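# Working through the structure, step by step
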Amino acid sequence: MLTDTTIRNAKPGQKQRKLSDEKGLFLLVAPSGGKWWRFKYRFAGKEKLLSLGTYPEVSLAQARERRDEARKLLARGIDPSAARKAEKRSGDDTFERIALEWYSRTRPRWGQTAATQILAQLKQNVFPWIGSRPIREINAEELLTAMRRIEKRGAIYTAHRALQTCGRVFRYALACNKVDRDPTITLRGTLTSVKEKHRACILDPRTLGKLLRDIDGYQGTFVVRAALKLAPLLFVRPGELRHAEWAEVDLEAVEWRIPAAKMKMEDLHIVPLSRQAVAVLRELHPLTGKGKYVFPGFRSPARPMSENTVNAALRYMGYSAEQVTGHGFRATAMSLLNEQGWNRDAVDRQLAHAERNKVRAAYLHAEFLPERRRMMQAWADFLDGLRQGGKVIPIRAASGE
């Protein structure tokens with residue numbers, strides 16, 4: 001057995017020397033004078049070595065304690081070397097590292113704007129406070145404290161989005177066996193409710209007819225004019241409209257299939273195209289059809305039209321933000337279609353509103369599709385009537401068809 005005096009007085013030689021203690025523990029004395037503790041053991045029939053530190057940083061007594069801990073693992077059928085590697089990996093699994101890993105894997109499914117916003121949200125609102133923490137140790141209370149910090153500055157909506165993003169990170173970590181639970185589940189309903197923001201919209205049919213005529217007379221670019229024409233016909237979200245790609249549009253099948261990755265609710269969304277919508281797209285195709293985007297940006301065709309373009313065009317035509325917005329076309333369609341007697345579920349599905357039942361949401365992209373096709377054509381015909389300035393006669397939903 002070794003003693004502190006023996007170890008202290010051990011002199012380096014021309015070759016590496018091995019000073020044995022007991023139960024597999026020994027000290028290596030290098031020609032340079034360095035002294036390293038090692039534990040020799042057998043696992044699964046193979047001889048292995050485990051480093052226990054250097055002398056004098058690790059004393060003889062400490063080295064023996066570490067050897068005994070390793071022997072206890074062996075008695076339980078655990079390889080000490082593998083256990084140490086697993087512990088080291090666990091220590092490296094900080095929230096920030098796992099979040100960035102999740103981000104890099106899911107980033108290809110998002111548009112540029114969404115990807116930029118999500119990463120900025122994490123870097124500005126989450127990483128500074130819990131990013132360096134081991135993700136396995138983060139509990140609901142700690143997470144709530146971070147979200148409350150965002151709330152205190154009045155960014156209620158941002159707090160909800162940050163919590164939603166954290167939930168997606170934790171679910172990814174759960175699938176990778178990095179955590180045992182998703183603490184965001186217990187925080188549902190704990191944040192201050194977001195006050196519903198009503199977008200300005202036009203509900204009077206005659207005023208809507210005047211807007212449609214003003215759009216026909218818009219003096220801006222051809223691309224923006226086409227976007228203005230399609231916005232009331234399709235009533236998709238402004239971000240979905242400007243990110244439309246020609247590869248998603250099938251003019252023969254008269255439909256536009258928006259991939260789940262582009263949708264707010266992350267479900268595939270089918271937009272039936274009326275004859276009027278097809279006409280607008282066919283007219284636009286010779287100009288932008290060779291590129292990726294239906295509505296390319298003014299400065300670079302490799303990027304979609306700016307998010308402010310449609311609203312800026314409406315302001316240019318003399319409509320204030322209190323009168324109408326690009327997003328307001330959705331409220332206009334929802335209100336008037338419901339007044340016209342269309343199935344509310346079909347209207348909601350066409351608006352791509354949230355479906356609470358996730359199992360049911362998996363196949364809802366095609367729900368009510370025949371009725372939605374009739375509805376979208378009837379809606380386009382109704383808008384044509386308003387545009388012509390004649391007597392407003394709402395097109396009622398057909399019954400029993």
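What this report covers is the structure whose coordinates are included nearby. (Residues numbered from 1 in each chain as written. Predicted model: local features only at pLDDT ≥ 70, side-chain atom pairs only at ≥ 80, totals over all residues. Heavy atoms only, no water.)

Applying the stated criterion across every chain, the model contains 7 aromatic pairs. Taking 5.5 Å as the distance between ring centres and 15 degrees as the angle between the ring planes, the aromatic pair formed by Phe39 and Tyr41 counts as stacked. Each member of the pair, Phe39 as well as Tyr41, is classed as buried. Their ring planes at 70 degrees and their centres at 6.4 Å tell us that Phe95 and Phe127 sit as a pair that is edge-to-face. Of this pair, Phe95 sits in helix α4 (residues 95-106) while Phe127 sits in helix α6 (residues 127-130), and the two are 32 residues apart along the sequence. Summarising the burial analysis for this pair, Phe95 and Phe127 share the class buried. Counting every residue linked through ring pairs, the aromatic cluster contains Phe95, Phe127 and Phe170. Positioned over the ring face of Phe26 is Lys18, at 4.5 Å from the centre of the ring. (Phe/Tyr/Trp six-rings, centres within 6.5 Å; stacked < 30°, edge-to-face > 60°. Buried < 20%, exposed > 50% of the residue type's maximum accessible area, 1.4 Å probe, protein only. Helix = DSSP H or I, 4+ residues; strand = E, 2+ residues; numbered from the N terminus. Lys NZ or Arg CZ within 6 Å of the ring centre and 35° of its normal.)

What follows covers the sheet that holds strand β4 (residues 46-55). Here 4 strands make up an open sheet; going across it, the order is β1-β2-β3-β4 and the pairing antiparallel. Of all strands in the sheet, those bounded by a partner on one side alone are β1 (17-20) and β4. Adjacent strand axes in the sheet meet at a mean angle of 30 degrees, parallel and antiparallel pairs treated alike. Along the sheet, helix α2 (residues 60-75) contacts β2 (25-29), β3 (35-43) and β4; its crossing angle with β3, the most-contacted strand, is approximately 15 degrees. (Pairing = 2+ DSSP bridges. Axes fitted to C-alpha atoms, helices over the stretch in contact; angles between N-to-C directions. Contact = heavy atoms within 4.5 Å.)

To continue, consider the pairing of strand β7 (residues 269-272). Residues in a regular strand point their side chains to alternate faces of the sheet. Burial along β7 is two-sided: the residues His269 and Val271 and Ile270 and Pro272 are all buried. When strand β6 (residues 255-258) meets β7, the two strands line up antiparallel, connected through 4 bridges. Bridging from a neighbouring strand, Ile258 pairs with His269 of β7.

The next subject is unusual backbone geometry. Look at the link from Tyr55 to Pro56: it is a cis peptide, with omega at 10 degrees. Along the chain, Pro56 falls in the loop between β4 and α2. Positive phi is not limited to glycine here, since Asn177 has a value of about 65 degrees. With respect to the helices and strands, the residue Asn177 is situated in the loop between α8 (156-175) and α9 (205-216). In this structure, Val254 is a non-glycine residue whose phi angle is positive, near 45 degrees. Take Val254: it is sitting in the loop between β5 (249-250) and β6.

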